[in-house]
Amino acid sequence: MIVPAQYLNQVFQAIKKDSNGSEDQGVLCFATCTDADSVCASQLLLNLFNRESLHFSLIPVSCYEEVREHCAPLITAQEVKTVLLVNCGATEDVRSLCNLPSNIRIVILDHHRPVWHGHNNEDDMDTLVLVDDDDPVPKSVVPVYDQQLDNEVAESDESGSGSDSDEDEEDEQSGGSQEGSGEGRGRKRRRSVDDGDVSPPKRGPAARAMDAATRRRRAEEVDSYYSDRNGYGKPSSLLLFSLCHQLQHDDNFHVWCAIVGLTEQLLFQQISKQQYNTWRENLVQHVAMHQDVGQEDGLDGSSLLMMPRHKVQVEACEDLRLTLLRYWTIEDSLRYTGYVAARLQTWRQKGLDNLRSLLTYMCIPLKHASTSYKGLREVYNGQLRSQLPRFAPQHMLAWDSLHFNSFRLLYKHEEVGASDMVFALLGLLTDTQAGGPEWHRTAFNNAQNALHIQRNLHMVERGIELAKQMCQDVVHECGLMITAGKVKGGRTADYRWVNVADSNAFANPRFRHPTVLKYMALFLRDATSCRYSSSDARRPMVVAGPPDERGVCCLVSVHAKHISGNRLQNNPFARPFIETAGALNIIPLKSAFENATYHIRKEDVTAFLGKLQDVVGEYRAAAAQQAQAAQA
């Protein structure tokens, strides 16, 4: 059942009831370990459980196979128990996938879309998927689950040996006699009755034509839903923050977690800027509420003295969209910001000269531009913020892409922007040196600890250093791929793609992580489009990562253009990925939590990328035919 977020409190009370009735009185929580929103949502959840005195177990996972492995003991369980899934489970029939019995209640908070339409079943009270009304894919657009009709559609698709017109011909040959031997396809649909040998009357041609039309409309409805709804919904951290607010457990820390989860979606272009601002306005009100409480306890005098320096304070601000500016130099921040690097091609000497020309126009000496931002005199910080809107357009940079309304966290003498925190968490999450074969779980725990800045500021600083290295690697290695012609697909291609294993970047273990590959794909998409002068040169990008120690490669894709308004940023490659794998009989070695990410053997990557071109071409031809039919 898809549950509106307004009933989140009732769902939480049901979880508490199930926990008190189970033998271990605990809740089993699974959270995907690849994104910052999962880190923030998990921390909100654990704080909430601690305050409500609920026992819990949190297990970071990277695929459904890991969820199934940990749920194996529950298959034979007789007690009522709750399994909570954070940013996983919404796109699949997770109960069947993990073989969970009906006495296990599954609660899903997942920002991946589309939601499997089987969840839209009002009779299923044991699987609850939480979707807010202002989600880009609300409950109202999810097809209502109809098992019988879906089975009939599946059977008609699988048979493929006849058509409804064939059935009509058979009816004419039968001469309208319904009591005969019952030859033909209609015989397969008859049902025996218990009180005699009399069969129900055979449906006539008109009735069967109506049934066929119903199946056809159902197939089109489901097909359209899964084709147009691939992307991201409302961050799970925002949903859980609303629960904390309802239970009066919200404070500055909980607001900060929600802010970081939302900011990540904007930075990775998973939501539009309009959608971001809509959700941000609600958080601004909560920030102002907690600021008022903090100021009442503060001291009189200047604004600096009014803030309790031993407490964490969050405030709204307008921020520059320059990567880790507070912890870098102005020159390095501009050079390794994805948007600036893609537009100016800063991996080349010419692009670096253009960047330094911009600094000169802004009256920032190169000596000071290469000095740590924290150590700069305030005059140069002011120069950057006041002159960048004026001179950025003269250097092919749009001011709207270089700033946004954001938040910052203040603690003692530290100032951390929301975007800084996102990159710090991603740096920790992608740290392959975290230790051992279970490094991703250690990395997830480190990221969770970093959210508590007042206790673990050193973890934030370490994450920022790792993020700096990630940004440098992406710009340099992707720039070399572009220069060396490793990126395939030209100006008129349906999409562009690159196999990292064919470049010098294959030895970098960081490029095996799906989040880093998405960041690479966004940069490559923008950088390759800037090489063409036409305005419609931007194309979707597919990136195949290098193999890991087991020979598994991760493939990711990103959409081509931003969709304005509070609408879903649809990724068109979810279904082509599945169809390509099916055509080549490729079984994914890991079941990812989102449809636009695929894991296959390194031996299959070349064939997969080749077949994908044919599948995407078929989709383009079908779309062209539909457009012509609509015009006619």
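Residues numbered from 1 in each chain as written. Predicted model: local features only at pLDDT ≥ 70, side-chain atom pairs only at ≥ 80, totals over all residues. Heavy atoms only, no water.

A. Seen up close, the pattern of salt bridges. Overall, the coordinates contain 28 salt bridges when judged by the stated rule. Ionic pairing is found between R462 and D431, a salt bridge with its closest N-O pair at 2.6 Å. Highlighted residues: R462 in helix α19 (residues 453–483) and D431 in the loop between α17 (418–429) and α18 (439–450), separated in sequence by 31 residues. Owing to a relative accessible area of 35%, R462 belongs among the partly exposed residues under this scheme. Of the residues examined, D431 reaches a relative accessible area of 6% and is grouped as buried. (Salt bridge = Lys/Arg side-chain N within 4 Å of Asp/Glu carboxyl O. Helix = DSSP H or I, 4+ residues; strand = E, 2+ residues; numbered from the N terminus. Buried < 20%, exposed > 50% of the residue type's maximum accessible area, 1.4 Å probe, protein only.)

B. Highlighting the pairing of strand β4 (residues 81–86). Burial runs high along β4: six of the six residues are buried. Covered by surrounding structure in β4 are K81, V83 and L85 together with T82, L84 and V86, the residues of both alternating faces. Looking at chain direction, strand β2 (residues 26–32) and β4 are connected through four bridges and run parallel. Within β4, the residue paired with L28 across the bridge is V83. Pairing between β4 and strand β5 (residues 104–109): six bridges, direction parallel. (Pairing = 2+ DSSP bridges.)

C. Up close: the sheet that holds strand β14 (residues 552–558). Spatial ordering of the open sheet is given by β12-β13-β14-β15, a layout of four strands whose pairing is mixed. Every interior strand has two partners, whereas the edge strands, β12 (496–499) and β15 (597–601), have only one. Taking each pair of neighbouring strands and ignoring which way they run, the sheet shows an average axis angle of 15 degrees. Sheet topology places strand β13 (residues 541–544) next to β14; four bridges connect them, and they run antiparallel. Paired with A544 across the two strands is L555, which belongs to β14. (Axes fitted to C-alpha atoms, helices over the stretch in contact; angles between N-to-C directions.)

D. Structural detail: helix α20 (residues 514–529). Between its first and last C-alpha, α20 extends 22 Å over 16 residues, near the 22 Å set by a 1.5 Å rise per residue. Within α20, 16 of the 16 residues are buried, leaving the element largely enclosed by the surrounding structure. (Expected span 1.5 Å × (residues − 1).)

E. Broad picture of empty space enclosed by the protein. If you walk through the whole model with that rule in mind, you get four cavities of 30 Å³ or more. Quantified by volume, the largest cavity comes out at close to 230 Å³. Along the wall of the largest cavity there are 19 residues; nearest its centre are Y232, S557, H559, N571 and E594. Along the lines of polarity and charge, the residues of the lining of the largest cavity split into six nonpolar, 10 polar and three charged. What the second largest cavity holds in volume is close to 110 Å³. In terms of residue class, the lining of the second largest cavity is made up of two nonpolar, five polar and four charged. (1 Å grid on protein atoms, 1.4 Å probe; cavity = no way out; pocket = protein on both sides within 12 Å on 5 of 7 lines; lining within 4 Å. Points joined across faces, edges and corners; volume = space filled by probe spheres on them. Nonpolar A, V, L, I, M, F, W, Y, C, P; charged D, E, K, R; others polar.)

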